[in-house]
Structure formats: C-alpha cells, structure tokens
Amino acid sequence: MSPGTRDHEPLVIEDFAGWWNRGDPESAPSDHFTIADNVQYVHSGVETRDGLEKYIQGNVPPLKVLRVYNYVTQKGQSLIVLGEGGKIYHITDTSATIPAPILTISEMEDFGFVAINGRAYITPFKTYTNPNGEKYQLGLKNQFLYVYKGDQSQARKAAGLPPQSNTALVAVLGAVSTGLSTDAGKHILAVVYETDTGYLTAPGPMLPAVPPAKPLPGFAILDFSGTHDIDVSNIPIGPPGTVKRHLVSTKAIEGYNGDPLGYQFFFIPKGNIDNNTDTTKTVTFFDSDLISDASHLIDNLSEVPAGVALNTYHSRMIIVGEYGLSGPPDSIENTLEGLPSGILDNRSIARVSSPGEPESISKIDGLIIAPLDGNPLTNVQEFRDVLYLFKKTRTFSYSDNYDVPATWQEEVLDQGIGAPVHGIATVLDSGGVNIDFLLIVDWSGLMLFNGTYSQPEMSWKIEDFWRSMDRNLFNQIQVVNDSINKKIWITLPDPLNKMMLHANYANGMNAKEIRWARWIFDMKALTIALIETDRLVIGTSGVS
Amino acid sequence: MALTSRAGNVIFQFKNENRTHITPPLVFPDATLTSSFSVSFWVKPNTTGVPQPISTYFGTNGTYIYFFWNGAQWVLELRITQLVVARFVFFENPDIINKWRPFCIVRTPAGVTLYAGVALGTPDPDNPISMVQVYNYPTTELLFDFREFSIVASPHVTICDVKVWNTVVDPTDMTLLVNNWDGRGGTVTPPPIWACPLRTGDPSNISRINNSLFWNEEHSWSAIDFPNNLVFDSHDPEYMAKHQITPAWMYPAGSAPINFNPGLTPIIPTTFLSPDFVRFPDQGTIPHNIPLQYMFYLGWPTNDGTGVPQSNTWALFKDEDGNTNNPGPDPNYEITQSDTLSLIPPTMDNTDKLFKWSFGAQFKWQGSSPQVPAATAILANPLLFVGYIGNPTGVQALPVDDLIGLFVIKKGRTSDGYYRQTELPIPDPTIRTALIGE
C-alpha cells in the first residue's frame with residue numbers, strides 16, 4: 001500500500017436519504033444516517049437547517065405561546081395566538097408590541113379555529129382524563145363557540161340570544177290607510193336581531209322566567225283590520241353587537257291555538273330597523289308579501305357549544321367534539337338534556353351550520369352523530385367533496401345529499417386509523433386542500449390519505465421513533481405541509497417538545513423517497529403555522 | 001459541634017482552628033430561616049492591646065454582621081464581602097477589662113440594630129441592666145440573611161450565653177433575659193431556637209442570681225474559657241456548595257450614554273430626569289426567579305465640560321411595567337464620584353426583574369441668575385452589582401425570557417436569533433453542508 005492510500009473502499013452515496021430510526025442501527029441502509037439532527041435537504045444535498053429569528057420586532061414582554069394559527073383576514077395574513085392564562089391574541093403587526101387579548105377564558109388549554117369570510121371562529125377546549133388514565137379532548141363544558149371580527153375588538157359568543165325584554169312587543173292599529181293596507185285577521189308579530197356578523201336570532205322578545213321554568217314569548221298578537229297601518233312599539237334594544245332588527249309576522253291565523261311559536265313567521269317587507277336604538281316602527285303589508293321564511297330561526301342554537309375542531313364543508317361550518325351546555329344558569333341552551341344513562345357529554349356529535357351561515361346551527365337537524373364508541377370526535381376535514389370525521393382511531397365519511405345534515409349517509413372508512421385534534425396537515429393558509437392528498441397523524445405513523453390510507457405510512461423509516469411517542473399526548477402533535485417546497489414539519493409531544501420532525505418529499509411522496517430529519521431547539525416548540533405560503537412560524541413556551 | 005437544620009444545612013458550627021469538626025452535631029429545633037433574627041451573647045474582654053480576632057461573627061460569604069473586639073472597644077461592622085458598608089464603635093469606659101457586657105443584634109427587613117446592656121440611673125436590684133439601643137442601621141437592601149452563624153473565640157475574649165432567635169426580640173424581653181440569667185434560656189417569648197450549651201459552668205454556686213453588670217462579682221462561677229484559637233464558624237463545604245452568595249456584575253446592552261442637558265441653568269434648583277435608560281440583558285449567567293441578596297446600581301457621574309455641571313446625580317428607574325420609579329433626592333440613591341453606587345428600590349426583589357427594569361439617572365442643577373449654559377450631565381459606565389443565593393454549576397444557563405414567544409425560520413440564517421439580541425448557535429447539526437455527488 002502506498003503512503004496516503006486509504007485502507008478501505010469508499011462508500012459512494014448518490015443521494016442522501018435522511019434519518020433512519022427503525023430496528024437495529026446496523027440495519028440502516030448505507031444512504032441513511034441514524035442521526036440527522038438540525039439538517040434540511042436541498043437539491044442533491046443536505047445542509048444545516050436555517051436559523052430562527054424573532055417574529056415580532058418590537059420590544060415585547062415574553063408571551064408563552066401554546067397554540068398559533070394563520071388567520072387570513074381581508075387585510076392580509078396574521079396570527080391568532082393562545083398564550084398562558086387562556087388568553088387569545090390577534091397579532092397583525094410584527095413591528096409593534098403584543099396587543100390586548102381578544103378573548104380570555106382561564107380554563108382554555110387549547111383552541112380550534114377556522115376563518116370564514118375574514119372572521120375567526122374560535123372554540124376553546126381542554127384535556128380530560130378518564131378513569132383509565134387515558135386523556136381525551138373535548139370542548140369546555142358550558143363554554144361556547146366565539147366569533148371575532150378581526151379588528152382587535154373583543155370576540156363574542158357566536159350566534160345570539162333571541163330578543164329579551166321584561167315586557168311584550170306591542171302592536172296596535174295605526175293610522176287609517178288610503179285603501180287596503182293589510183289583510184284582515186289575527187297576526188302574530190315578533191322581532192329578530194341581526195348581529196354584526198350577519199347572524200339572525202330567533203324571534204322574540206322572550207319574557208324572563210325563574211328557572212326551571214322556561215322563558216315565554218312576548219310576541220304581539222293583533223287582529224288586523226285591513227285598513228289601518230300597524231304601529232309596533234316596545235321593540236327591544238339588542239345587546240352590543242346588534243346592528244339591525246327585523247320585524248317578522250305570521251300570515252293571518254284562523255283558530256289561534258294559543259301557541260305563538262307554533263306558526264310560520266316571515267320577514268315583513270320594509271320591516272327592518274337599521275339601527276339598535278329605535279323602539280317603534282309602522283308597517284303595512286299583505287300576507288302575499290310575506291315570502292322570506294323566518295321560522296327556521298326558531299330551531300337554531302342561540303349559543304353554540306364549544307368543541308375541539310372547526311372546519312368548513314360546502315359553505316357550512318362544522319364543529320366537533322363538544323362537551324355540551326347544561327342549561328341555566330350557565331347558558332340558555334341545554335344540549336345535555338335527555339342523554340342516555342351514563343352518557344355525560346356530546347362527544348360524538350358534529351354540528352353543521354346552514355350553508356353560508358356559519359353561526360346558524362339547527363338544534364333539530366343540523367347535526368351528525370358519529371358512531372358511539374365512547375371516544376370523542378377529534379377532527380373534521382373536507383377532501384374531494386366528501387366530509388370526513390375523525391376519532392383517535394376511526395375515520396368516517398359523509399356525503400352532502402343537499403338535504404339537512406342529519407340525513408347525510410355515513411360510511412365507516414377505517415376502523416383502525418384516525419387523527420388527533422391537530423393531526424391533519426393544513427395546506428397554505430386556508431385549512432383546505434390544494435393537493436391530491438391529506439397528511440394525517442395517527443398512532444401508527446404519518447399517513448398519506450387520498451381517499452384511503454396508503455401503506456406503508458410516510459414515517460416508515462422512523463417507525464421506532466414514532467412509536468416511542470406517548471399516545472396519550474398525541475393532541476400535542478401539530479403538522480403542517482408546505483406543498484410548494486414539499487416540506488413537512490411536525491411538533492412533538494412531551495417530553496420531546498424541544499424537537500420537531502422535518503421531512504422533505506421533493507424526491508417523492510412515499511415512504512421510501514421521503515427524507516426525514518429532526519430539528520432541535522433550545523426551547524419548547526409547542527406549535528407551528530405556515531404564513532406567506534412557506535414561512536414557518538414557531539410558538540414557544542420557554543426552556544422549561 | 002455542628003448545628004444542622006432538619007434539612008441538613010449546617011447553620012452554626014464549632015470547630016477548632018484547623019477546621020476539624022467536633023461531633024456529634026446538634027440539631028436546631030426550628031429550621032425555618034426568616035427575614036428577622038436576633039442573637040444575644042455576653043462577652044468579656046480579657047486583655048487590651050492589639051486588635052483581637054473576631055469574637056462573634058455572623059453572616060454568609062456575601063453579607064456579614066461582624067462583631068469584634070479591637071483591643072479597646074467593641075465594634076460592629078456591616079459588610080458585603082470586604083466592603084464595609086457601616087461601622088459602629090461601642091464606647092466603653094476604660095475599666096472594661098474583665099468586665100462582662102451583654103449585647104443583642106437584631107436584624108429585620110428594615111435594618112440592623114445593636115442593643116447593649118447598660119446600667120441606667122439607679123439600678124433596680126432585680127433588673128440592674130437595661131438593654132438599650134445603641135446603634136441602628138436602616139437598610140432594606142442589605143439583607144444579611146441568616147444562613148450561617150459563627151463565633152470565634154480567642155484567649156482575649158470570653159463568650160457566654162449565646163442565644164439565637166428566628167424572630168425579633170423585644171428590648172423589654174431582652175432586658176428580662178439578661179437580668180434573669182438562670183441557665184434556662186431566659187424568659188423571652190418565643191424561646192430561642194438555640195442556646196449555646198457551652199456557656200455555663202455550674203450555676204448553683206451563684207450567690208446572686210440576678211446579676212449586676214459585672215457578672216462575676218460576688219460569686220465564684222466563671223464562664224468556660226474556650227481553648228486558645230478555637231474557631232467557631234460555619235463553612236461547612238457541603239452546605240456552602242449549594243448556598244453560595246454569588247456576586248455578579250451585569251453590563252448594559254449597547255453603549256448609549258445616560259445624559260441630559262437642560263440648555264441653560266435653571267433659575268431655581270431643579271432636578272431633571274434623563275430620558276435615557278439602559279437595560280441589562282440576560283446573558284444566561286444569573287438564575288431566574290430567585291430572591292436577590294443585594295443589588296447595587298453603580299455609575300460614574302460626570303459631564304462634558306461645556307458649561308455648568310450638575311450638582312447632584314441620583315438614580316432613576318423604570319419597573320417591569322414601564323412605570324417610572326423615582327426614588328427622589330434620597331441619599332441612598334445618590335451617585336457621586338466618591339460613592340459611585342446607589343441602592344435599588346426594594347420592589348425589585350427578584351432576579352427576573354433585573355432584566356425587565358430599566359436604569360437611568362436624574363440630574364440636579366442649582367439655580368442661577370442670570371442663566372448660563374449648562375454642561376451635558378452624564379452618568380457613565382452604568383453597572384449592576386448583585387448577589388444571589390446560587391448553585392454554581394459552571395454551566396451557562398439559557399436566558400429564559402428571550403426564548404419565549406413567536407419565531408420564524410429565516411432562510412439563510414446561520415444561528416438562532418431570539419429576543420433582546422440573544423443569539424445562540426444551532427444546536428449540534430449533524431451535517432454542516434454536504435453537496436452529494438460532486
């Protein structure tokens with residue numbers, strides 16, 4: 001052997017295939033490393049990952065970030081952030097300090113989010129533990145879905161209570177009309193509030209009652225003469241957030257049965273009060289003018305129970321994983337009434353709104369009940385025009401038949417694979433899909449879903465590492481997919497949360513071609529979001 | 001003998017000079033360290049002449065209450081390491097040798113007080129000695145935490161009847177105590193958490209149990225004289241390893257000076273608040289969220305020589321909420337060239353706040369008529385000198401607050417940048433850069 005000659009044959013690596021953590025380290029293929037920390041993959045190469053920089057440039061006090069989402073408003077992209085103490089912030093300006101919170105619920109440990117028409121819908125939830133020590137997530141009991149307009153004003157409860165008043169609406173015959181002005185006969189009149197988010201409440205006013213008695217309607221009942229205008233007074237003023245009031249009426253009733261809620265209401269033409277201050281209005285209308293139905297508003301939830309996940313499907317908003325509302329004094333609604341013995345919550349219910357009206361959710365037929373197996377619904381996602389509901393190890397599909405959601409046909413897609421609360425990769429900034437697959441976190445690995453679950457799982461090469469994660473803490477895993485640069489990031493549960501998984505699938509979206517790495521930080525990286533298509537934002541809670 | 005608390009910390013220890021422990025250890029009945037403590041003892045100087053080694057010695061490696069016989073008088077010094085913050089000399093009459101004197105040192109969050117036993121007026125035969133306050137040093141900064149406590153005996157000073165309380169002893173109680181020396185710890189309520197058992201001989205031969213100031217008169221009892229150079233101290237290595245008072249210097253971020261120029265001298269004496277503040281960044285060297293033992297804000301007041309300089313410089317602060325904390329023209333907060341340090345308001349009591357506060361200055365000009373150009377007042381070289389109870393590990397800790405919040409991956413960045421200009425290397429990347437196939 002001549003001087004300088006190595007005494008072994010070099011191993012030529014044509015393409016570095018990333019991290020291998022499966023089986024005996026000796027079994028790692030020669031183009032994989034058993035340690036690949038803080039690296040990222042470039043074309044034909046691998047390099048140290050890019051460094052971090054602070055997101056907010058101003059002099060800010062420390063904010064322990066527990067959850068962050070990209071919130072697209074009409075003004076552009078921003079972040080909606082959950083900090084310690086159950087405080088949610090809307091961060092729009094990276095040059096300034098952190099603004100005041102838009103919502104504070106001290107019990108809130110995490111939240112679900114969806115943006116619809118520039119408004120943010122927020123549902124607070126927490127982790128519960130069953131007698132077997134298994135953790136599960138449900139919406140906070142007696143808490144609600146909230147809506148935020150994106151203007152740093154306080155978020156308020158979604159939907160809204162019907163008008164409330166201590167005294168009934170009053171309708172009397174007004175001035176004599178020239179000719180006929182109404183149809184003669186008994187009519188019932190009521191008021192509907194319109195909120196600043198476009199939600200229409202149930203008709204009112206409702207008169208107060210001492211629980212357990214339920215409030216009674218204080219509608220106005222008047223025999224129209226046919227020749228007089230109708231003067232309506234004592235119209236109640238709405239709470240903050242009310243921008244308009246609408247007068248509604250029944251058509252003429254023959255043989256009134258005494259139940260004012262038992263008749264169909266319609267919006268009175270020109271019966272709008274475009275403010276929240278006037279208490280009187282004069283209307284004239286014929287029954288044939290009453291076209292736009294208002295009765296469906298009676299069946300809507302005036303308060304929507306909090307759940308764990310929000311999404312959209314066919315212009316409807318879906319919320320899953322609720323605990324429920326137990327009725328007065330915490331809320332008007334009682335969604336826990338009449339449950340079978342031993343059932344304490346509504347964990348398998350998905351509530352579905354009316355199309356185009358995210359806050360209008362019918363108590364009667366605006367819900368889907370997933371198979372009752374004792375486990376709560378954890379996630380919801382639309383894919384290829386089909387709605388998928390997930391539990392931790394179940395996947396169900398539903399197709400819109402253009403009838404009420406309660407009639408949608410259910411199909412059990414998989415009895416062994418599901419998704420945790422943050423375990424479906426959102427794409428870009430929409431929470432929707434621009435690619436022909438979903439990435440779903442499951443106990444068995446990172447799954448590629450294109451209508452069915454592909455095998456082997458994407459995390460096949462790092463199976464040992466994946467299976468070492470605590471299943472009880474999978475709610476802490478969050479996954480995002482940069483579909484443009486073909487990169488994936490996954491946050492990890494305790495005690496691994498100073499690390500993050502990174503994958504590059506530029507060489508192919510399959511278990512063999514995907515390249516994995518582990519990114520390690522000096523602090524706990526609890527949550528991630530993608531902004532501006534491919535910029536990864538990381539929320540941290542500190543070093544310990 | 002070593003006194004140990006229930007937690008096993010050595011609080012008081014007797015050793016001989018070559019640091020050999022004496023066993024068995026004594027156990028304190030009350031291990032709680034509070035913000036107030038009292039120590040009382042009787043001392044008798046045996047000789048005059050050159051200053052003698054310490055006769056009593058309290059404190060920690062940081063702050064000390066230091067009491068000793070200087071050959072002619074009793075001296076109380078309050079120290080931070082070697083820095084004497086305050087000194088009091090107790091003037092005795094010349095005929096003091098071989099005469100006993102009781103003292104009591106009381107430490108509270110408000111300061112340190114020395115009581116001495118004196119005979120006032122016509123002595124009450126039953127209570128001939130009165131414990132009178134002879135010195136008080138008010139300080140809310142120098143905590144002199146009661147962590148270790150030691151007494152050093154010498155052939156020149158005899159010590160007796162040492163008692164320790166974990167609370168403030170009322171002077172009335174002290175007076176009762178020293179006048180009813182009955183070997184049972186006195187009648188002070190609450191009882192002392194420790195009374196030195198080596199103080200006594202056999203009291204049964206004391207003919208007058210209610211002693212005069214001069215104890216050993218009229219009875220044959222005498223206190224035990226400890227062997228020459230017997231050292232009582234508390235430097236138990238295991239305890240001190242975890243309870244070091246650790247001093248630390250802190251340096252401001254950036255080099256912007258703290259200055260102010262009012263333009264012209266004021267007509268009436270006026271104090272101006274400088275708008276300049278500095279902060280001291282978290283370099284990861286000081287643990288978070290622990291009480292501070294002492295804090296000093298140091299600076300060098302000067303001016304640029306272009307006019308009439310300021311007459312006085314005081315510290316100025318902003319708290320963690322950004323609210324100005326102005327201590328006013330308080331001597332404790334004045335910074336002069338002969339005394340460059342000032343105290344820090346007691347509300348900044350936790351190491352976390354060190355990083356959240358801002359430090360500035362205020363400058364006073366005397367009035368003048370006519371008004372003339374004023375110089376630019378400068379507080380140069382602002383520094384913080386702090387002490388905390390630490391556990392030095394030799395490992396630099398991560399700055400806590402700087403790593404909390406929102407961060408974004410920045411393409412091309414070669415290190416991780418956090419808040420307040422903290423930069424850390426990317427942790428142990430497996431590969432720097434490798435272009436495969438070339």
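Residues numbered from 1 in each chain as written. Chains lettered and ligands numbered in written order. Predicted model: local features only at pLDDT ≥ 70, side-chain atom pairs only at ≥ 80, totals over all residues. Heavy atoms only, no water.

Chemist: Can you walk me through the overall build of chain B in this structure?
Modeler: What chain B contains, in helices and strands, is 3 helices and 29 strands. In chain B, which comprises 438 residues, the share counted as buried stands at 52%. Considering only contacts within chain B whose residues lie at least 6 apart along the sequence, 69% involve residues at least 24 apart. (Helix = DSSP H or I, 4+ residues; strand = E, 2+ residues; numbered from the N terminus. Buried < 20%, exposed > 50% of the residue type's maximum accessible area, 1.4 Å probe, protein only. Contact = heavy atoms within 4.5 Å.)

Chemist: Just to check I follow, could you spell out unusual backbone geometry for this structure?
Modeler: A negative phi angle characterises most non-glycine residues, just as the trans form characterises most peptide bonds. Cis peptide bonds are those with omega within 30 degrees of zero, and the linkage from Gly204 of chain A to Pro205 of chain A qualifies with 10 degrees. Here Pro205 of chain A lies in the loop between β14 (185-195) and β15 (206-207). Following Ser369 of chain B, the chain continues to Pro370 of chain B via a peptide bond in cis, the omega torsion being 5 degrees. Structurally, Pro370 of chain B is set in the loop between β24 (358-365) and β25 (377-390). The phi torsion at Ser315 of chain A lies on the positive side, around 65 degrees, for a residue other than glycine.

Chemist: Quick question: what am I supposed to make of the sheet that holds strand β20 (residues 266-273) of chain A here?
Modeler: Backbone-to-backbone hydrogen bonds pair the strands of a sheet. The strands run either parallel or antiparallel. Residue and element names in this part refer to chain A. An order of β17-β14-β19-β20 is seen for the 4 strands of this open sheet, with the pairing classed as antiparallel. The open sheet terminates on both sides in strands that have one partner only, identified here as β17 (220-224) and β20. Here the strands of the sheet are splayed against their neighbours by 35 degrees on average, with no regard to which way each runs. Where strand β19 (residues 242-249) and β20 come together, 4 bridges link them in antiparallel fashion. (Pairing = 2+ DSSP bridges. Axes fitted to C-alpha atoms, helices over the stretch in contact; angles between N-to-C directions.)

Chemist: Help me understand the pattern of salt bridges, please; the structure alone is not making it clear to me.
Modeler: Two side chains with opposite charge may pair up if their charged atoms get near one another. Residue and element names in this part refer to chain A. Counted according to the given criterion, the structure contains 20 salt bridges over all chains. Across the pair Glu322 and Arg351 runs a salt bridge whose closest N-O atoms are separated by 2.6 Å. Placement of the pair is Glu322 in the loop between β23 (316-320) and β24 (349-354) and Arg351 in strand β24, with a sequence separation of 29 residues. Each member of the pair, Glu322 together with Arg351, is buried. Close ionic contact of Glu532 with Arg535 constitutes a salt bridge, the shortest N to O distance being 3.4 Å. (Salt bridge = Lys/Arg side-chain N within 4 Å of Asp/Glu carboxyl O.)

Chemist: Explanation requested: the interface of chain B and chain A in the structure shown.
Modeler: Often, the extent of an interface is quoted as the loss of accessible area on bringing the components together. Residue-level contacts link 35 residues of chain B with 47 residues of chain A. For the chain B and chain A pair, buried surface summed over both sides reaches about 3500 Å², with 61% attributable to carbon and sulfur atoms. Taken together, chain B and chain A are joined by 2 salt bridges. Note that Asp416 of chain B is salt-bridged to Arg49 of chain A, the shortest N-O span being 2.9 Å. Where chain B packs against chain A, one counts 17 residue pairs in polar contact (both at pLDDT 80 or more). (Buried area = accessible area lost by both parts, 1.4 Å probe. Polar contact = N/O pair within 3.5 Å; in protein donor to acceptor, adjacent residues only side chain to side chain.)

Chemist: Help me out: how do you make sense of the environment of Gly204 of chain A in this one?
Modeler: Residues and elements named next belong to chain A. Mapped onto the elements of the fold, Gly204 is located in the loop between β14 and β15. Classification of Gly204 as buried rests on a relative accessible area of 0%. Sequence separation between Gly204 and Pro163 is 41 residues, and the spatial gap between their C-alpha atoms is 4.7 Å.

Chemist: What exactly am I supposed to notice about the packing of aromatic side chains here?
Modeler: Each pair of aromatic rings is reported with the distance of its centres and the angle of its planes. What the rule picks out here adds up to 33 aromatic pairs over all chains. Arranged with centres 5.8 Å apart and planes meeting at 20 degrees, the rings of Tyr128 of chain A and Tyr136 of chain A form a pair that is stacked. Given the relative accessible area of 16%, Tyr128 of chain A is considered buried. Measuring from ring centre to ring centre gives 5.2 Å for Phe407 of chain B and Tyr418 of chain B, while their planes differ by 80 degrees; the resulting arrangement is edge-to-face. Here Phe407 of chain B, found in strand β26 (residues 404-409), pairs with Tyr418 of chain B, found in the loop between β27 (415-417) and β28 (423-425); they are 11 residues apart in sequence, far enough to count as distant. The pair formed by Phe407 of chain B and Tyr418 of chain B is uniform in burial state, with each residue classed as buried. Through successive ring pairs, a cluster of aromatic residues spans Phe280, Tyr297, Phe317, Tyr333, Trp357 and Phe359 of chain B. When the ring centre of Tyr128 of chain A is taken as reference, the NZ or CZ atom of Lys126 of chain A above it lies at 5.2 Å. (Phe/Tyr/Trp six-rings, centres within 6.5 Å; stacked < 30°, edge-to-face > 60°. Lys NZ or Arg CZ within 6 Å of the ring centre and 35° of its normal.)

Chemist: Looking at this structure, I do not really get the layout of surface pockets. What am I missing?
Modeler: Over the atoms a probe the size of a water molecule is rolled, and this reveals where empty space is left. Residue and element names in this part refer to chain A. Of the voids in this model, the largest pocket is the one considered here, and its volume is about 910 Å³. Lys214, Pro215, Ile332, Glu333 and Lys363 are, among the 30 residues lining the largest pocket, the residues nearest its centre. A breakdown of the residues in the lining of the largest pocket according to their chemical character gives 19 nonpolar, 5 polar and 6 charged. (1 Å grid on protein atoms, 1.4 Å probe; cavity = no way out; pocket = protein on both sides within 12 Å on 5 of 7 lines; lining within 4 Å. Points joined across faces, edges and corners; volume = space filled by probe spheres on them. Nonpolar A, V, L, I, M, F, W, Y, C, P; charged D, E, K, R; others polar.)

Chemist: What is the right way to look at the pairing of strand β36 (residues 499-504) of chain A in this model?
Modeler: Two faces, one strand: in a regular strand the side chains alternate between the faces of the sheet. Residue and element names in this part refer to chain A. Of all 6 residues making up β36, 6 are buried, and the element is well covered by its neighbours. The alternating pattern of β36 places Met499, Leu501 and Ala503 on one face and Met500, His502 and Asn504 on the opposite face, and all of these are buried. Pairing geometry for strand β35 (residues 487-491) and β36, over 5 bridges, is antiparallel. Residue pairing in the sheet places Ile490 in a bridge with Leu501 of β36.

Chemist: In this structure, what is going on with the sheet that holds strand β3 (residues 52-54) of chain A? I would like to understand it.
Modeler: Taken in spatial order, the 4 strands make up an open sheet running β3(A)-β26(B)-β39(A)-β38(A), and their pairing is antiparallel. A strand with exactly one partner marks an edge of an open sheet, and here the two such strands are β3 and β38 (525-531) of chain A. With direction set aside, neighbouring strand axes in the sheet form an average angle of 30 degrees. Pairing analysis gives 6 bridges linking β38 of chain A to strand β39 (residues 535-541) of chain A, with the strands arranged antiparallel. Residue pairing for β39 of chain A: Ile528 of chain A is matched across the bridge by Ile538 of chain A.

Chemist: Sorry, what's going on with the side chain of Lys461 of chain A here?
Modeler: Residues and elements named next belong to chain A. With respect to the helices, strands and loops of the structure, Lys461 is situated in the loop between β33 (445-449) and α1 (463-467). Glu513 provides the closest opposite charge to the buried, unpaired Lys461, separated from it by 6.7 Å. Once you skip the residues sitting within four places of it in the chain, Lys461 turns out to touch Ala17, Trp19, Trp20, Asn21, Arg22, His32, Ala511, Lys512, Glu513, Ile514 and Trp516. (Lys, Arg positive; Asp, Glu negative; His and termini not counted.)

Chemist: Sorry, what's going on with the environment of Glu423 of chain B here?
Modeler: All names here are of chain B. With respect to the secondary-structure elements, Glu423 resides in strand β28. Placed 21 residues apart in sequence, Glu423 and Asp402 show a C-alpha to C-alpha distance of 9.6 Å. Among all residues touching Glu423, those that are not within four sequence positions of it are Arg413, Ser415, Asp416 and Gly417. A distance of 2.9 Å separates the side chain of Glu423 from the side chain of Arg413, its partner in a polar contact. At 2.6 Å, the side chain of Glu423 forms a polar contact with the side chain of Ser415.

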